[in-house]
2 protein chains.
Amino acid sequence: MLGIDPGIGRMGYGLVRSQGNRLRTEDYGCVETRPGPIGERLVRIYEKMQELLQNLNPDVVAVEQLFFYRNVTTAFHVGQARGVVLLAARQAEVAVAEYTPMQVKQAVTGYGSAEKGQVQRMVAMLLGLPAPPRPDDAADALAVAICHLHTAPTMALVRGRNGDDRFPAGENRRSQS
Amino acid sequence: MLGIDPGIGRMGYGLVRSQGNRLRTEDYGCVETRPGPIGERLVRIYEKMQELLQNLNPDVVAVEQLFFYRNVTTAFHVGQARGVVLLAARQAEVAVAEYTPMQVKQAVTGYGSAEKGQVQRMVAMLLGLPAPPRPDDAADALAVAICHLHTAPTMALVRGRNGDDRFPAGENRRSQS
C-alpha cells in the first residue's frame, strides 16, 4: 500500500503494510525536484514513481483527492504532478484509490477535522515510529496509506493486478468503508 | 511545430510548418478520451503524444499557459492532462514553449482581445484552409502553433534536440518576440 502526496517541488511517499492487526512502514520519504523547466521536474517525478512501483510492488497507490486549493495556480501545478503519478500507476497496472483530506483525518485520528500535528502523531503511533515522520510530505503520504488500509480491510477487493477487479479511481471507494 | 491544447476529455493538436513566408498544416485533430478512470485517460493522452512526437517529429511543442481558470477543479483536471503532455515532450527531448491566450490572439489576429471566431477564421486564412478547422480544440492547437512560429522567427534558437540550447518552458519566451 503506497501513499503518495503529489507536488511539483516535493512528492511525499510512504509504504505501509498491515501485519495482523498492526501496521508498519517499510519505506517513506520525499523526492524534491529542483527549480527548472517543468518538463524535467515531471520526468523526475515520473521516474521516481516507476522506481517506487517496481521496488516496493504495492497493491494500491493511494492519493489525496483535493477539491479545494488555495488558488488555481496551486491546483494547476499539483494537477500536473498528479497526472504523471496516476499515469505511472496505471502503466504499472496498480489500482489507484483516492481519499479526501477529511476521510484521511477521520481514518487516522477518528476525527475529520483533526489538526496536522494530531494526524502526524497518530501516524507515528500507528506505525510504531518513535517520532512523527519527517518531512511533512512523507507523513501526509503515510496518512493516506493508513487511511486506505483502515477503510479497505478486505484487500482482495482492491487488488488490481489482473485488471478485472481493479479499484476504479474515485468510484468504488465508498463501498470499501 | 506542434501545438497542443491539453485536456482530459479532449486534447487538440495541430502541426504547422512554415515554408518561406507561408504557413501550412500537415496534420491536426482532436483525441477524445472516454469517461472512466482518470489513469486510463492519462495513458491515452500520453500514448497519443508519444505517437504525435514520433510521427510528426516536431522541433517544438507549444502549449497555452493559462493562469486563469473558471475554477480550481478545471485547473486541476487540465493540469493532470498537461502534466503527461509535458512529460512526453521532455522524454522525447522536444522543447516546450508556452504562450498566454493573449499572446496567441495577438500573434494570430493582431489583437490580444480577439474573439474565438476571429481567431479561428484567421487560423484558416493563414493556413490556407477553406473553413475554420474543427473541432475547436484542434483550431486552438493550431493557433498556439502559429503563435510560436510568428513569435519565434529564428527557429535555430528553439531547437531543443541536443539539450544544450533547449528552450526552457516559461523562461525564454520573451526573448523570442
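Small disclaimer: the values here were computed from a predicted structure and weren't measured.

## Section: the packing of aromatic side chains
Part 1 of the reasoning: The full count for this structure, using the stated rule, is one aromatic pair over all chains.
Part 2 of the reasoning: For the pair Tyr 46 of chain A and Tyr 46 of chain B, a centre-to-centre distance of 6.0 Å together with 45 degrees between the ring planes defines the contact as tilted. Of this pair, Tyr 46 of chain A sits in helix 1 (residues 38-56) while Tyr 46 of chain B sits in helix 1 (residues 38-56), on two different chains. Each member of the pair, Tyr 46 of chain A together with Tyr 46 of chain B, is buried.

## Focus on the UniProt feature "binding site: Mg(2+) 1" (unreviewed entry) in chain A
Residues and elements named next belong to chain A.
Part 1 of the reasoning: Feature annotation in UniProt places "binding site: Mg(2+) 1" (unreviewed entry) on Asp 5 and Asp 137, given in this structure's numbering. A maximum C-alpha distance of 6.2 Å places the annotated residues, which cover 133 residues in sequence, within one compact spot.
Part 2 of the reasoning: With respect to the helices and strands, Asp 5 occurs in strand 1 (residues 2-5).
Part 3 of the reasoning: Leaving out residues up to four positions away in the same chain, Asp 5 has contacts with Arg 10, Met 11, Gly 12, Asp 137, Asp 140 and Ala 141.
Part 4 of the reasoning: Within the secondary structure layout, Asp 137 lies in helix 5 (residues 136-151).
Part 5 of the reasoning: Residue classification places Asp 137 among the buried positions, given a relative accessible area of 15%.
Part 6 of the reasoning: When residues no more than four places from it in sequence are discounted, the contact partners of Asp 137 are Asp 5, Arg 10, Gly 12, Tyr 13 and Cys 30.
Part 7 of the reasoning: A distance of 3.0 Å separates the side chain of Asp 137 from the side chain of Arg 10, its partner in a polar contact.

## A word on the sheet that holds strand 2 (residues 10-19) of chain B
Residue and element names in this part refer to chain B.
Part 1 of the reasoning: Strand order in the open sheet formed by five strands is 3-2-1-4-5, and the pairing between neighbours is mixed. With partners counted over all chains shown, the strands left at the sheet margins are strand 3 (22-32) and strand 5 (95-99), one partner each. If you compare each strand with its neighbour and ignore which way they point, the axes differ by 25 degrees on average.
Part 2 of the reasoning: Note: strand 2 against strand 3, 10 bridges, orientation antiparallel. The partner of Arg 17 across the bridge, within strand 3, is Arg 24.
Part 3 of the reasoning: Along the sheet, helix 5 (residues 136-151) makes contact with strand 1 (2-5), strand 2, strand 3, strand 4 (60-64) and strand 5, crossing strand 2 at roughly 35 degrees.

## Observations regarding the interface of chain A and chain B
How big an interface is tends to be stated in terms of the accessible area lost upon association of its parts.
Part 1 of the reasoning: The partner chain B presents 26 residues to the 26 residues of chain A that form the contact.
Part 2 of the reasoning: Both faces considered, chain A and chain B share a buried interface measuring about 2,300 Å² in area, 75% of it formed by carbon and sulfur atoms.
Part 3 of the reasoning: Of the charged contacts in the structure, one is a salt bridge between Glu 40 of chain B and Arg 90 of chain A, with a shortest N-O distance of 3.1 Å.
Part 4 of the reasoning: The interface formed by chain A and chain B holds six residue pairs in polar contact (both at pLDDT 80 or more) in total.
Part 5 of the reasoning: When residues of the side of chain A that touches chain B are traced back to their parent elements, those giving at least two are helix 1 and helix 2 (72-91) of chain A.
Part 6 of the reasoning: If one sorts the elements of the side of chain A that touches chain B by residue count, helix 2 of chain A sits on top with 13 residues.

## Observations regarding unusual backbone geometry
Part 1 of the reasoning: Here the bond from Arg 134 of chain A into Pro 135 of chain A is cis, since omega is -10 degrees, no more than 30 degrees from zero.
Part 2 of the reasoning: Locating Pro 135 of chain A in the fold gives a position in the loop between helix 4 (116-127) and helix 5.
Part 3 of the reasoning: Even without a glycine there, the phi angle at Asn 57 of chain A is positive, about 50 degrees.
Part 4 of the reasoning: With respect to the helices and strands, the residue Asn 57 of chain A is situated in the loop between helix 1 and strand 4 (60-64).
Part 5 of the reasoning: A positive phi angle, close to 60 degrees, is found at Glu 93 of chain B, a residue other than glycine.

## Examining the side chain of Thr 151 of chain B
Part 1 of the reasoning: Here Thr 151 of chain B shows up in helix 5.
Part 2 of the reasoning: Only 2.7 Å separates the side chain of Thr 151 of chain B from the backbone oxygen of Cys 147 of chain B, close enough to count as a polar contact.

## Some thoughts on the pairing of strand 4 of chain A
When a strand is regular, its side chains alternate between the sheet's two faces.
Residue and element names in this part refer to chain A.
Part 1 of the reasoning: With respect to burial, strand 4 is a largely interior element, four of its five residues being buried.
Part 2 of the reasoning: Where strand 4 lies against strand 5 (residues 95-99), five bridges are found, and the strand directions are parallel. Within strand 5, the position partnered with Val 60 by the bridge is Ala 95.

## Looking at the relation of the copies chain A and chain B
Part 1 of the reasoning: Rotating chain A by 180 degrees and translating it 0.0 Å along the rotation axis places it on chain B, where the RMSD comes to 0.0 Å. When the rotation and shift are considered jointly, the pair of chain copies conforms to a two-fold rotation axis.
Part 2 of the reasoning: Most of the interface of chain A is mirrored in chain B: 100% of its interface residues are interface residues there too.

## Focus on helix 5 of chain B
Part 1 of the reasoning: For helix 5 of chain B, which comprises 16 residues, the first-to-last C-alpha distance of 22 Å matches the rise-based estimate of 22 Å (1.5 Å per residue) to within 8%.
Part 2 of the reasoning: Burial analysis of helix 5 of chain B places 14 of its 16 residues in the buried class, which makes it a mostly covered element.

## Focus: the pattern of salt bridges
Part 1 of the reasoning: As enumerated under the stated definition, the model contains 18 salt bridges over all chains in all.
Part 2 of the reasoning: A salt bridge links Arg 134 of chain A to Asp 136 of chain A; its shortest N-O distance comes to 3.8 Å.
Part 3 of the reasoning: When its relative accessible area of 32% is taken as the criterion, Asp 136 of chain A is described as partly exposed.
Part 4 of the reasoning: For the salt bridge of Arg 10 of chain B with Asp 137 of chain B, the shortest nitrogen-to-oxygen distance reads 3.0 Å.

## Some words on the environment of Lys 105 of chain B
Residue and element names in this part refer to chain B.
Part 1 of the reasoning: Inspection of the secondary structure assignment puts Lys 105 in helix 3 (residues 101-109).
Part 2 of the reasoning: Note on Lys 105: relative accessible area 28%, which makes it partly exposed.
Part 3 of the reasoning: Remark: the alpha-carbon pair of Lys 105 and Val 119, spanning 14 residues in sequence, is separated by 6.5 Å.
Part 4 of the reasoning: With residues near it in sequence (within four places) discarded, Lys 105 still touches Gly 110, Tyr 111, Gly 112, Ser 113, Ala 114 and Val 119.

Cut-offs applied
- Residues numbered from 1 in each chain as written.
- Chains lettered and ligands numbered in written order.
- Predicted model: local features only at pLDDT ≥ 70, side-chain atom pairs only at ≥ 80, totals over all residues.
- Heavy atoms only, no water.
- Phe/Tyr/Trp six-rings, centres within 6.5 Å; stacked < 30°, edge-to-face > 60°.
- Helix = DSSP H or I, 4+ residues; strand = E, 2+ residues; numbered from the N terminus.
- Buried < 20%, exposed > 50% of the residue type's maximum accessible area, 1.4 Å probe, protein only.
- UniProt positions renumbered as here; feature names shortened; annotations may be inferred.
- Contact = heavy atoms within 4.5 Å.
- Polar contact = N/O pair within 3.5 Å; in protein donor to acceptor, adjacent residues only side chain to side chain.
- Pairing = 2+ DSSP bridges.
- Axes fitted to C-alpha atoms, helices over the stretch in contact; angles between N-to-C directions.
- Buried area = accessible area lost by both parts, 1.4 Å probe.
- Salt bridge = Lys/Arg side-chain N within 4 Å of Asp/Glu carboxyl O.
- Least-squares fit on C-alpha atoms with pLDDT ≥ 70 in both.
- Expected span 1.5 Å × (residues − 1).

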